[in-house]
Amino acid sequence: MRTIIEPFRIKMTEPLKLTTAPERKKALAKANNNVFLLDAEDCCIDLLTDSGTGAMSAQQWAALMLGDESYAGSKSWKKFEAVVKNITGIKYIFPTHQGRAAESILATCIIKKGDVIPNNNHFDTTRANLEFAGAYAIDLVCDAGLDPADESPFKGNIDIAKLEKCIAEYGPGRIPFGMITVTNNTGGGQPVSMANIRAVKEVLAKNNIPFMIDACRFAENAYFIKQREDGYQDKTLLEIAQEIFSYADGATMSCKKDGLANIGGFLICNNEKWSHQFRNMLILREGFPTYGGLAGRDLEVIAVGLMEALEYDYQVYRHATIKYIGDKLTKKGIPIVRPVGGHAIFLDAKAFLPHIEPLQYPGIGLVNALYLEGGVRSVELGSVMFARRDENGVETASPMELVRLAFPRRVYTQSHFDYLIEVIEKVWQDRDKIPGYKITYQPEFLRHFTCQMEKIQ
Ligand SMILES: *Cc1c(COP(=O)(O)O)cnc(C)c1O
């Protein structure tokens, strides 16, 4: 088979600042050893997130110029609505400025204190919005999804027996809706099968519980279904996406992912009563219902981006780059979460740096080593982000210590990835010298964003 190439060429370039090792050492010290506090300019390959960091196509830039900035009923809204309706078949459509705004409107309109919301894994903003509204956010991902070495094809699936047990335990009256996240971001971008989506719908429908999809990576998930699930090989990604949404009563979406846009989102539903509640809250929080929190030009860009995300060649290339890196790292014996998901690679920092205690944050050791070695910015998903602290500040480590390399869409080319692999390999060779860290300052909530750290000598 021939090399799978980027299915685009480059019309506009953005320079990367190439830094020296002493410059990076100085920059990281100034950022108090927290890569969130670095200047983006000082990061040569920035893999902090795939959210809103993608490159737009020529068609999207052209569409941007067509933005109709009328306050109400603009042409751009009509295009946006038509595309979302074509993909999802869902009746009521509300644009929002990003995914969490959709989640917040859903949660504040529908949730009562003490409600329970099941999901495979709630994404962090979803969990925060549901809990803020008084609900318990419950994770019911299948057992394979909890084992980094398990090679199952659909590790994002909900465990149907656990879902039935959850409904029996709390009663359908306490569950205003159930959710599934495609792909399962928190679980490493692992896909959900169509069979599982169908089964979740059946169980929820039997109990008269509406079914909401967290659809941020619906196109990547559709690609995995085409590749891995019997009966879908001859369907287009659009047809697969349409079938996914045909089981849903509504969805929340961040267009910063598979909308291939830098900002935007939406909330959709079929229930008329919900639609009135959503519309009122949207006007209060985001804006008039035909623009939500967005400019007309953003609606244009998203309308084009949602369809581009469903182009087969684009998904073939995206998955090929991630698999390429994953396979090379695995061949070198570097521990990662297998199989690779749709938008990121997760290094297993516990296996990479067994000499660092979990509460001396091996994930941070690895993140900082990758930056110092090659200007690569990644993110820790381990005890700095997830450790539980009791009232005396005593910490219990997170079950896993991972480092995520998330890939912006259509931004980097294969030589960037070869460079990335070289950087990781050098860090792997020198791993015995990597230190643990201690936290010297931390805020009360979401400490990973702004905490300050020091090397343990
Ligand atoms: C990014 C994301 C969100 C939140 O979207 P924002 O646009 O960042 O507010 C919700 N769910 C999942 C699965 C996500 O990946």
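Criteria and cut-off values
- The residue numbering used here restarts from 1 in each chain and proceeds along that chain's sequence as written.
- The predicted nature of this model means local features are confined to residues of pLDDT at least 70 and side-chain atom pairs, given and counted, to a pLDDT of 80 or more, with totals for whole chains, interfaces and linings taken over all residues.
- The side-chain numbers reported here are obtained from all heavy atoms of the structure, hydrogens and water having been left aside.
- One heavy atom within 4 Å of a molecule or strand is enough for the residue carrying it to be called near that molecule or strand.
- Pairing of N or O atoms within 3.5 Å defines a polar contact, subject to two protein rules: one partner must be a possible hydrogen donor and the other a possible acceptor, and residues neighboring in sequence count only if both atoms are side-chain atoms.
- In this description, accessible areas are obtained by the Shrake-Rupley approach with a 1.4 Å probe, and a residue is regarded as covered only by the protein chains that are shown.
- Helix and strand assignments come from DSSP, with helices taken as H or I runs of at least 4 residues and strands as E runs of at least 2, each series counted from the N terminus.
- Only Asp, Glu, Lys and Arg are considered charged in this grouping, and only Ala, Val, Leu, Ile, Met, Phe, Trp, Tyr, Cys and Pro are considered nonpolar; every other residue, Gly among them, is considered polar.
- Definition used in this section: a nonpolar core is a set of buried Ala, Val, Leu, Ile, Met, Phe, Trp, Tyr and Cys residues joined via side-chain atoms within 4.5 Å.
- Partly exposed residues are those whose accessible area sits between 20% and 50% of the maximum for their type, while under 20% is buried and over 50% is exposed, using a 1.4 Å probe and protein chains only.
- All the domain ranges listed were derived from an automatic or database domain assignment.
- Residues are treated as being in contact if the distance between any of their heavy atoms lies within 4.5 Å.
- Put simply, buried area is how much 1.4 Å-probe accessible surface two parts lose in total, over both of them, once they are put together.
- By definition here, a salt bridge exists when the distance from a side-chain nitrogen of Lys or Arg to a carboxyl oxygen of Asp or Glu is within 4 Å.
- When DSSP finds two or more bridges between two strands, those strands count as paired.
- Angular values range over 0 to 180 degrees, each being the angle between N-to-C directions of two axes fitted as lines to C-alpha atoms, with helices fitted over their stretch in contact.
- Whether a crossover is right-handed comes down to one check: with the strands pointing away from the viewer, does the path from the first strand over the helix to the second run clockwise; if it does, it is right-handed.

Tell me about the site of the ligand, residues and numbers included.
Of all residues adjacent to the ligand, which total 15 residues, the nearest are Arg100, Asp214, Arg217, Ser254 and Lys257. Between Arg100 and the ligand, the recorded distance is 2.7 Å, taken from a side-chain N or O atom to an oxygen atom. Here Asn185 contributes a side-chain N or O atom positioned 2.9 Å from an oxygen atom of the ligand. Taken by itself the ligand offers 380 Å² of open surface, and the protein chains cover 97% of this. Sorting the residues of the shell around the ligand by element identifies helix H4 (99-110) and helix H5 (124-132) as the ones contributing at least two each. Looking at the shell around the ligand element by element, the count peaks at three residues for H4. Within the shell around the ligand, the residues separate by chemical class into two nonpolar, seven polar and six charged.

I'd love a proper account of the nonpolar core, names of residues and values included.
Of all hydrophobic cores here, the largest spans 60 residues; its most connected members are Ile213, Phe218 and Leu306. Each of two domains, domain 1 (21-50 + 312-455) and domain 2 (58-308), supplies a minimum of three residues to this core. What Phe218 contacts, discounting residues up to four positions off in sequence, is Ile87, Val182, Ala241, Ile244, Phe245, Met253, Asp258, Leu306 and Leu310. Counting 39 residues, the second largest nonpolar core, distinct from the first, contains Cys44, Phe352, Ala369 and Val427.

So, the domain arrangement of the protein chain: which residues are in play, and what are the values?
Reports often express the size of an interface as the amount of accessible area lost when the parts come together. Partitioning the protein chain into domains gives domain 1 (21-50 + 312-455) and domain 2 (58-308). Just the C-alpha atoms count here: the centres of domain 1 and domain 2 sit 28 Å apart. Facing 20 residues of domain 1, the contacting portion of domain 2 comprises 25 residues. A combined buried area of about 2,000 Å² lies between domain 1 and domain 2, and 53% of that area is made up of carbon and sulfur atoms. Scanning the region where domain 1 abuts domain 2 turns up six salt bridges. In this structure, Arg409 and Asp258 form a salt bridge, with 3.4 Å as the shortest nitrogen-oxygen distance.

Tell me what's going on with the sheet that holds strand S5 (residues 178-181), and back it up with residues and numbers.
Taken in spatial order, the five strands make up an open sheet running S2-S8-S7-S6-S5, and their pairing is mixed. The sheet is open, and its two borders are formed by strand S2 (92-96) and S5, each paired with just one other strand. The mean angle between the axes of side-by-side strands here comes to 15°, regardless of whether they run parallel or antiparallel. Both strand S7 (residues 250-254) and strand S8 (residues 265-269) contribute to a ladder of five bridges, which runs antiparallel. Bridging from a neighbouring strand, Ser254 pairs with Gly265 of S8.

Now, about the pairing of strand S6 (residues 211-214): what can you tell me, with residues and values included?
Taking every second residue as pointing to the same face, both faces of S6 are buried, with Phe211 and Ile213 on one and Met212 and Asp214 on the other. Pairing geometry for S5 and S6, over four bridges, is parallel. Looking across to S6, one finds that Met179 is bridged to Met212. The parallel pair S5 and S6, bridged by helix H7 (residues 194-206), forms a crossover whose chirality is right-handed. Bridge count for S6 against S7 is three bridges, and the pairing is parallel. Bridging across to S7, Ile213 finds its partner in Ala251.

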